[in-house]
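# Summary of the model geometry
Chain by chain, the residues run as shown.
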Amino acid sequence: MRLSFSHGQRPTPPAAPTPVEPPRIDLVARALELGNDDWTEQEAAEELVRVAEGDRARLLEAYETLVAQLIRTTVLDRRRVRATRVVSRATRLVSTGG
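Rules of the game
- Residues numbered from 1 in each chain as written.
- Predicted model: local features only at pLDDT ≥ 70, side-chain atom pairs only at ≥ 80, totals over all residues.
- Heavy atoms only, no water.
- Helix = DSSP H or I, 4+ residues; strand = E, 2+ residues; numbered from the N terminus.
- Expected span 1.5 Å × (residues − 1).
- Buried < 20%, exposed > 50% of the residue type's maximum accessible area, 1.4 Å probe, protein only.
- Arc of directions from axis to C-beta.
- Contact = heavy atoms within 4.5 Å.
- Polar contact = N/O pair within 3.5 Å; in protein donor to acceptor, adjacent residues only side chain to side chain.

Here we come to helix H3 (residues 56-72). For H3, with 17 residues, the first-to-last C-alpha span of 24 Å sits near the 24 Å given by 1.5 Å per residue. Those residues of H3 that sit buried are Arg 58, Leu 59, Ala 62 and Leu 66. Looking straight down H3, one finds that the buried residues subtend no more than 100° of arc, so they occupy a single side. Exposed residues pointing more than 90 degrees away from the buried face of H3 are listed as Ala 57, Glu 61, Glu 64, Ile 71 and Arg 72. Each element contacted by the buried residues of H3 is listed here: helix H1 (27-34), helix H2 (41-51) and helix H4 (78-96). Put simply, Asp 55 is the residue that caps the front of H3, since its side-chain oxygen is 3.1 Å from the backbone nitrogen of Ala 57.

What follows concerns the environment of Glu 64. Relative to the elements of secondary structure, Glu 64 occurs in helix H3. It is 8.7 Å that separates the C-alpha atoms of Glu 64 and Thr 84, two residues lying 20 residues apart in sequence.

What follows is the structure in structure tokens.
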């Protein structure tokens with residue numbers, strides 16, 4: 001394939017690729033995954049802090065979402081209660097720095 005250009009035109013270099021950010025993990029879904037008995041609440045909270053990259057605002061948003069879901073449900077969802085405790089602990093870990 002041959003490119004032809006009019007007099008004085010130069011080919012434009014290809015644009016630099018736009019960096020793609022990795023998808024953000026849904027903290028509510030991850031908290032529910034961690035809300036089983038395979039993890040201690042401390043381990044699950046530490047994992048959630050790692051996944052949230054220490055973003056306290058995201059953790060608080062996940063906490064509020066889980067609490068709202070608990071309020072709206074008519075049955076006791078043990079895993080959702082535990083996930084809410086895990087997010088609460090993760091938020092405290094970020095707040096206290098450890």
